[in-house]
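Below, each chain spelled out in residue letters.
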Amino acid sequence: MTETRYPRYAVIDAGTNSIKFHIGEQTPDGIWHAVVDRAEVTRMGKGFGQDRVITAAAQERAVLAIQGMVEEARRHQVQAIAAVGTAGLRIASNGPDVVSAIAARTGVQVEVISGEEEGRLAYLGARSGLGAFAGSLVAFDTGGGSSQFTFGHDTAVDERFSVEVGAVKYTERFHLDQVTPIETLANALQAIAADLSRLDNRPVPEQLVAMGGVVTNITAVKHRLATYDPTVVQGTVLDRAEIDRQIELYRTQDSAARRSIVGLQAKREEVILAGACIVRTVMQKLGKQSFTVSDRGLRHGLLAERFGT
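Nothing here was measured: the structure is a model prediction, and the numbers come from that model.

Calculation notes
- Residues numbered from 1 in each chain as written.
- Predicted model: local features only at pLDDT ≥ 70, side-chain atom pairs only at ≥ 80, totals over all residues.
- Heavy atoms only, no water.
- Helix = DSSP H or I, 4+ residues; strand = E, 2+ residues; numbered from the N terminus.
- Rg over C-alpha atoms; globule rule 2.2 N^0.38 Å.
- Buried < 20%, exposed > 50% of the residue type's maximum accessible area, 1.4 Å probe, protein only.
- Contact = heavy atoms within 4.5 Å.
- Lys, Arg positive; Asp, Glu negative; His and termini not counted.
- Charge placed at Lys NZ, Arg CZ, Asp CG, Glu CD.
- Pairing = 2+ DSSP bridges.
- Axes fitted to C-alpha atoms, helices over the stretch in contact; angles between N-to-C directions.
- Phe/Tyr/Trp six-rings, centres within 6.5 Å; stacked < 30°, edge-to-face > 60°.
- Lys NZ or Arg CZ within 6 Å of the ring centre and 35° of its normal.
- Expected span 1.5 Å × (residues − 1).
- Arc of directions from axis to C-beta.

All right, on to the overall build of the chain then. Looking only at helices and strands, the chain features 12 helices and 11 strands. Relative to its length of 309 residues, the chain is compact, with a C-alpha radius of gyration of 19 Å against a globular reference of 19 Å. When the backbone C-alpha atoms are referred to their principal axes, the chain occupies close to 60 × 45 × 35 Å. Scored against the burial criterion, the 309 residues of the chain give a buried share of 53%. Across the chain, contacts joining residues at least 24 apart in sequence account for 70% of those joining residues at least 6 apart. Averaging the locations of the 34 positively and 36 negatively charged side chains of the chain gives two centres separated by 2 Å.

So, about the sheet that holds strand β3 (residues 32–41). The strand order across the open sheet formed by five strands is β3-β2-β1-β4-β5, and the pairing between neighbours is mixed. What marks the edges here is a single partner per strand, and that holds for β3 and β5 (111–112). Where strand β1 (residues 8–14) lies against strand β2 (residues 18–26), seven bridges are found, and the strand directions are antiparallel. What sits directly across from Arg8, in β2, is Glu25. Each of β1, β2, β3, β4 (80–85) and β5 touches helix α12 (residues 298–307); the most contacted strand, β1, lies at about 135° to it.

Looking now at unusual backbone geometry. Backbone geometry places Gln77, a non-glycine residue, at a positive phi of 55°. Phi is positive for Asn201, which is not a glycine, with a value near 60°. Secondary-structure assignment places Asn201 in the loop between α6 (182–195) and β9 (207–211).

Bringing the packing of aromatic side chains into the picture now. Summed over all chains, the structure comprises six aromatic pairs. Here Tyr9 and Trp32 contribute two aromatic rings whose centre-to-centre distance is 6.3 Å and whose plane-to-plane angle is 75°, an arrangement assigned as edge-to-face. One end of the pair, Tyr9, is in strand β1; the other, Trp32, is in strand β3, and 23 residues separate them in sequence. Through pairs of rings, three or more aromatic residues link up here, namely Phe140, Phe149, Phe151, Phe161 and Phe291. Of note, Arg198 hangs over the ring of Phe161, and the distance from its end group to the ring centre comes to 4.0 Å.

Taking 1.5 Å per residue, 12 residues should reach 16 Å; helix α3 (residues 95–106) reaches 16 Å between its end C-alpha atoms and fits that length. Those residues of α3 that sit buried are Gly95, Val98, Val99, Ala101, Ile102 and Thr106. With its buried residues spanning 160° around the axis, α3 presents them on a single face. Across α3 from its buried face, at more than 90 degrees, point the exposed residues Pro96, Asp97 and Ala104. Just beyond α3, the residue with positive phi is Gly107, at close to 80°.

Attention now moves to the environment of Pro230. Structurally, the position occupied by Pro230 is in helix α8 (residues 230–233). In this structure the C-alpha to C-alpha distance between Pro230 and Asp295, which are 65 residues apart in sequence, comes to 6.2 Å.

Take a look at the structure:
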């Protein structure tokens, strides 16, 4: 018996620290099923510097990753590919040159989207995995170069914004890829808190939802997932005690030692401490003791909006 095949579509999310790749297949009932869902850590923002230049080496890593994803998408006979670029490409002085290089090598044009659009699509993707929910909700997506926040209630969006608060910047500024003294950690947390001042003095939301590579890696470490399982990660509730435990775990080891931590994705070891510090600061500023993890994010929102019926 021949298996029924429905049209497939691919999306690529080119971020500052990683590039996410998703192929979805939508059945007639409107439900999307994942065919491929993976991420490749390319560290496009590594060595960004004050001039905000994507280095030649970082550009080549990104081009090769996307080239492989495009080839994989074509093997799956997708109908179309949508690709977006976020904070790294958005703020890099040579971002347009990198986009041109990607197009020349892969035939795919990466659309660099605004921080607000990034947040909107991530919120759309996150909500799609939450089921029915009534009340106030804040969804945030923290990545290598920026963090997006969307404030809403029921199904309505009240406010969304993006801030240049990402794990790469604080890792490089405070050398958080090394064993980190308590004093240095305190300075990093203070800097992150200052840069997240837009969260100050806000009402405590009924629900806080987090997405992105930082939180899914933290969740995989909590569950000790040697092989990533999105069905385990989706809907996990993480509390402050677990975030604090992991901050201490990463603080007391350098990036080489962190590679042995079960659940931590390869190449995340350098930026995971900074990412956990950002998550901890968001929780503190919004007065939440816990949050719900969404494995769904920007790529799912992009897929639904561009190709959904």
